[in-house]
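An overview of the molecular structure
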Amino acid sequence: MTLNIFFWTLILATPLGILVSLGEMSKIKPLKWVVNFYVWIMRGTPLLLQLIFVFYGLPIIHIVFPRYQAALFAFVLNYAAYFAEIFRGGFQSIDQGQFEAAQVLRLNRWQTMTKIIIPQVIKIVLPSIGNEVINLVKDSSLVYVIGLGDLLRAGNVAMARDVTLVPLVLVGVIYLLLISICAFILKRLEKHFSYYK
Amino acid sequence: MLEVKNLCKEFNNRPILKDISFTLKDGEIMTIVGPSGAGKTTLLRIIAGLETKDSGEILIDGKPYDPGKVGVVFQDFNLFPNLNVLQNITLAPTMVLKESKEEADQNAKKLLDQLQMNGREKQYPYQLSGGQKQRVAIARALAMKPRILCYDEPTSALDPNLRKEVEKMILDLKKSGLTQLIITHDLTFAKNVADQMLNVQPLSEA
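Presented here is an overview of the structure given in this document. As the structure is a computational prediction, the values presented were derived from the model and not from experiment.

**Things to note about the packing of aromatic side chains**
Under the counting rule described, the total for this entry stands at nine aromatic pairs over all chains. Here the aromatic rings of Phe55 of chain A and Tyr56 of chain A are separated by 4.9 Å at their centres, their planes lie at 75 degrees, and the arrangement is edge-to-face. For Tyr56 of chain A, a relative accessible area of 42% translates into the label partly exposed. A ring pair is formed by Tyr195 of chain A and Tyr196 of chain A, whose centres lie 4.9 Å apart and whose planes are at 65 degrees; its orientation type is edge-to-face. For Tyr195 of chain A, a relative accessible area of 32% corresponds to the partly exposed category. With relative accessibility at 3%, the residue Tyr196 of chain A sits in the buried group. A cation over a ring is seen here: Lys123 of chain A above Tyr196 of chain A, with NZ or CZ 4.8 Å from the ring centre. Here Arg140 of chain B stacks its cationic end above the ring of Phe80 of chain B, 4.5 Å away from the centre of that ring.

**Quick word on the pairing of strand 4 (residues 55-60) of chain B**
Residue and element names in this part refer to chain B. Relative to strand 4, strand 1 (residues 2-11) is paired through five bridges, and the arrangement is antiparallel. Within strand 4, the residue paired with Glu3 across the bridge is Leu59. Alignment of strand 4 against strand 5 (residues 63-64), held across two bridges, turns out to be antiparallel. Bridge assignment links Leu59 to a residue of strand 5, and that residue is Pro64. Taken together, strand 4 and the strand that follows it, strand 5, pair antiparallel across an intervening segment of two residues, in which Asp61 is found at a positive phi of about 50 degrees.

**What to know about the sheet that holds strand 3 (residues 29-33) of chain B**
All names here are of chain B. Across the sheet, five strands lie side by side as 6-7-8-3-9; this open sheet has parallel pairing. Among the strands making up the open sheet, the edge pair consists of strand 6 (70-73) and strand 9 (196-199). Between one strand and the next, the sheet's axes are offset by a mean angle of 20 degrees, whatever the strand orientation. Relative to strand 8 (residues 179-183), strand 7 (residues 148-152) is paired through five bridges, and the arrangement is parallel. Among the inter-strand pairings, Asp152 is bridged to a residue of strand 8, identified as Ile183. Contacts between helix 1 (residues 40-47) and the sheet are confined to strand 3, strand 6, strand 7, strand 8 and strand 9, with strand 7 contributing the most and set at about 150 degrees to the helix. Of the strands in this sheet, strand 6 and strand 7 touch helix 4 (residues 130-142), which is tilted by about 170 degrees from strand 6.

**Here we look at the nonpolar core**
Counting residues in hydrophobic clusters, the biggest one holds 85 residues, and the most contacted among them are Leu2, Phe22, Leu43, Ile47 and Leu181 of chain B. Here this core takes 14 residues from helix 4 (residues 67-92) of chain A, the largest share from any one element. Look past the residues within four positions of Phe22 of chain B in its chain and what remains in contact with it is Leu2, Glu3, Val4, Met30, Leu43, Ile47, Leu181 and Leu198 of chain B. Core analysis: the second largest hydrophobic core is formed by 31 residues, Ile89, Met117, Leu158 and Ile182 of chain B among them.

Reading the values: rules and limits
Residues numbered from 1 in each chain as written. Chains lettered and ligands numbered in written order. Predicted model: local features only at pLDDT ≥ 70, side-chain atom pairs only at ≥ 80, totals over all residues. Heavy atoms only, no water. Phe/Tyr/Trp six-rings, centres within 6.5 Å; stacked < 30°, edge-to-face > 60°. Buried < 20%, exposed > 50% of the residue type's maximum accessible area, 1.4 Å probe, protein only. Lys NZ or Arg CZ within 6 Å of the ring centre and 35° of its normal. Pairing = 2+ DSSP bridges. Helix = DSSP H or I, 4+ residues; strand = E, 2+ residues; numbered from the N terminus. Axes fitted to C-alpha atoms, helices over the stretch in contact; angles between N-to-C directions. Contact = heavy atoms within 4.5 Å. Core = buried A, V, L, I, M, F, W, Y, C linked by side-chain atoms within 4.5 Å.

In structure tokens, the structure reads:
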């Protein structure tokens, strides 16, 4: 469950984060307000509260998510907001001259973004995104408040049953291992993008 | 042929360009000189379509202006750092002019040969010197087959002793029939290459 939430959050929140960051920089004022409000709420309240709100709160107004979907929904919305802020920083650090060069070459907005801007942004934001990815591995343990089985919960149950610390230590080791793998993959990615400066 | 008639531009009610008019004939080189703050770069940006004009006319070959016919070599070149030399040049021809990859590659190699940059196709911009980056920027602009090539301060980002080389390159390009418009504050350089010089002076704030 830990891994499942982790992968799906990453896969869904990254593109959503890019879209939200474009919204934050949009010239359309109402869109900008809505997006900024969303980011403000998501970053300004605890993920734990958001999880509880989605699963236990929303059914009161007849929006019912099954446990897993509730968890994924809350995670994706929360992480997309953090990713958006990181991507916004990345986009804003791209030199205006890159956009102008693309414009005089008559590349359209989509071509400019996908071929020139986004590849450069990814390289810039990779270290910060890496940090969030590592947080995500650990945050995934929060799903146990809405009754989803995860690594931490399994450890807790085993500890209570056998009256021993071993399961908790084991859980710690597994988290360390997962995060080490993430860190390794991120390093490789950064290396992959180091073919240019 | 590029014709500019009575071009005017203001920023926040401050006049920058007033009644600029000139005609640049095919195959000729015109330099636009003047002190900094005189609006030289603004003029180039308007011709390149990066800035709007307030009034006046720009005609290319007698037809209303189309920014697609103007190529630009920026002062700091603005090469795409994530693409290698060949990709920098072929990106727009393949995506905008819908040239096939082979065709675009072949054209790019021809341009690089002409600019004495052959063998550097696979290098990235950070591996090139300033003068080499400039040549790639020129090749990138020429690959879009512009009617006119504009330069913003082609000598200022380069080592002073490279000025002669830039002169030679620009005159070589002239021989191939290219029409060129050059913004510069370097008078000697401007005189050495120009068929025509336009002097732009800062407008007083009266």
